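Observations on the model geometry
Read off the chains here:
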Amino acid sequence: MRVGELARRTGTTIRALRYYESVGLVVPRRLGNGYREYDPIAVRLVTQIRELMALGLSVEETRPFVESIAAGADEDDVCAAALATYRGTVTALQERIGKLTAQRDALNARLDAAASLLVPARSPTGTDPHDLIGRPLPALHFYATDGRPVDLAALGPGRSVIFIYPLTGRPGLDLPNSLLEVTGALRDTEQPTWFRDHHAELRTAGADRVYGLSAQSTGYQRELVHRLRLPYPLIPDPRLTLAAALGLPTFTAGDMTLYERLTLIVADDLIEHVFHPIRYPAAHALDVMRWLTKKRVNRARRTERPRP
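Residues numbered from 1 in each chain as written. Predicted model: local features only at pLDDT ≥ 70, side-chain atom pairs only at ≥ 80, totals over all residues. Heavy atoms only, no water.

Now for the overall build of the chain. For the chain, the count of helices and strands is 10 helices and 12 strands. Relative to its full complement of 308 residues, the chain shows a buried share of 41%. Counting only contacts in the chain whose residues sit at least 6 apart along the sequence, the fraction spanning at least 24 positions is 63%. (Helix = DSSP H or I, 4+ residues; strand = E, 2+ residues; numbered from the N terminus. Buried < 20%, exposed > 50% of the residue type's maximum accessible area, 1.4 Å probe, protein only. Contact = heavy atoms within 4.5 Å.)

Pairing in this open sheet of five strands is mixed, and the strands run β8-β7-β6-β11-β12 from one edge to the other. In this open sheet, the two edge strands, each paired with only one partner strand, are β8 (234-236) and β12 (270-275). Strand-to-strand twist across the sheet, computed as the mean angle between neighbouring axes with direction ignored, equals 25°. For strand β7 (residues 207-214) and β8, the ladder comprises three bridges, and the chain directions are parallel. Of the residues in β8, the one forming a bridge with Leu 213 is Ile 235. Packed onto the sheet, helix α10 (residues 281-303) meets β6 (159-164), β7, β11 (262-267) and β12 and runs at close to 135° relative to β12. (Pairing = 2+ DSSP bridges. Axes fitted to C-alpha atoms, helices over the stretch in contact; angles between N-to-C directions.)

So, about α10. Taking 1.5 Å per residue, 23 residues should reach 33 Å; α10 reaches 34 Å between its end C-alpha atoms and fits that length. The complete set of buried residues in α10 reads Pro 281, His 284, Ala 285, Val 288, Met 289, Trp 291 and Leu 292. Where α10 is buried, its residues contact β6, α7 (199-205), β7, β11 and β12. (Expected span 1.5 Å × (residues − 1).)

Next up on the list: the side chain of Arg 209. Mapped onto the fold, Arg 209 is located in strand β7. One buried charged residue, Arg 209, forms no salt bridge at all, with the nearest opposite charge on Asp 208 at 5.2 Å. Those residues in contact with Arg 209 that sit more than four places away from it in its chain are Leu 155, Gly 156, Pro 157, Gly 158, Arg 159, Ser 160, Val 161 and Arg 203. (Lys, Arg positive; Asp, Glu negative; His and termini not counted. Salt bridge = Lys/Arg side-chain N within 4 Å of Asp/Glu carboxyl O.)

Let us now look at the nonpolar core. Here is a general trend for soluble globular proteins: nonpolar side chains tend to be buried in one another's company. Among the nonpolar cores identified, the biggest contains 25 residues, and Leu 152 and Ile 162 are the most heavily contacted of them. Broken down by secondary-structure element, the contributors of at least two residues to this core are β6, β7, α9 (241-246), β11 and β12. In this structure Leu 152 touches Leu 137, Pro 138, Leu 140, Phe 142, Ile 162, Ile 235 and Leu 242, once residues within four positions along its chain are discounted. Judged by nonpolar contacts, the second largest core, of 21 residues, contains Tyr 165, Ile 265, Ala 285 and Val 288. (Core = buried A, V, L, I, M, F, W, Y, C linked by side-chain atoms within 4.5 Å.)

Glancing now at the pattern of salt bridges. For the coordinates displayed, the defined rule picks out 10 salt bridges. Notably, a salt bridge pairs Arg 29 with Asp 39, separated by 2.1 Å at the nearest N-O pair. With a gap of 10 residues between them, Arg 29 in strand β1 (residues 29-30) and Asp 39 in the loop between β2 (36-37) and α3 (41-54) connect regions that are remote in the sequence. Glu 60 is paired through a salt bridge with Arg 63; the nearest N and O atoms lie 2.7 Å apart. Using a relative accessible area of 47% as the deciding quantity, one classes Glu 60 as partly exposed. Judged by relative accessible area, which is 19%, Arg 63 ranks as buried. Through salt bridges with shared partners, a single ionic network connects Arg 29, Glu 37 and Asp 39.

Another aspect to go through is the pairing of β12. One ladder, built from five bridges, connects β11 with β12; its direction is antiparallel. Looking at the pairing, Ala 267 lines up with Leu 270 of β12. The turn joining β11 and β12, which pair antiparallel and follow one another in sequence, is formed by two residues; a positive phi near 50° is taken by Asp 268.

Structure, rendered in structure tokens:
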């Protein structure tokens, strides 16, 4: 077969095939007219090269595997040189993972140290959020990131979860991550216990709807929803109108006034429970889920009819 056909059948490029030829891994025959012609086994050779490179091997490290196939062995036959290559690659990957982990931890430590210099100043207008239990939400109208209007005084029957967070920054911009972490915005994959990842469980536990609310603009929030693929809408409140109406706690960072972390459980348009302060944001979604589950179980027990 010609080089174009080999490239098509193996999903690679002619340039890559020329490189494999230059290092002696896939060698075609030269026809009288000067064209290259590849034997059918070339498909197996190129496929093996690409599969091994996807596992982290260099082109040169694929040589013992390719030569074994060219000599008539099956792909499952493993020679001593191949085993040594596997071990060497695994060792190199482990070393690289260790270095990257150390770099990540060092960067996170610096971010935390930088964020600690921004000391939050509690707003003097903030009241104890737990005094809000039993009160209705004010009739404030917003447009959520999904484009739908939201009236806080008429969220609908059942329970609504509204988690309120300071803000989030776009990657590489704004404030340090340790200050900007919000429910649903993962700092890394080692702490995937946010509302985004437990949205289905929260609904099962008894949440009829979930919202996030912050003082950021709609543009910022829409970017966050798109980037993190959030399954719930966010509500922009850049003028802190909900804080003014309920006396919710806020803090200042630089020239910004932001919401403190706080979660409201609203049942049939009345505030049923308030989570504040939220000392461990990464585990907060689980705390809310446990609370909802307990309420659901207690309600089920009350509605059970005693046996005659």
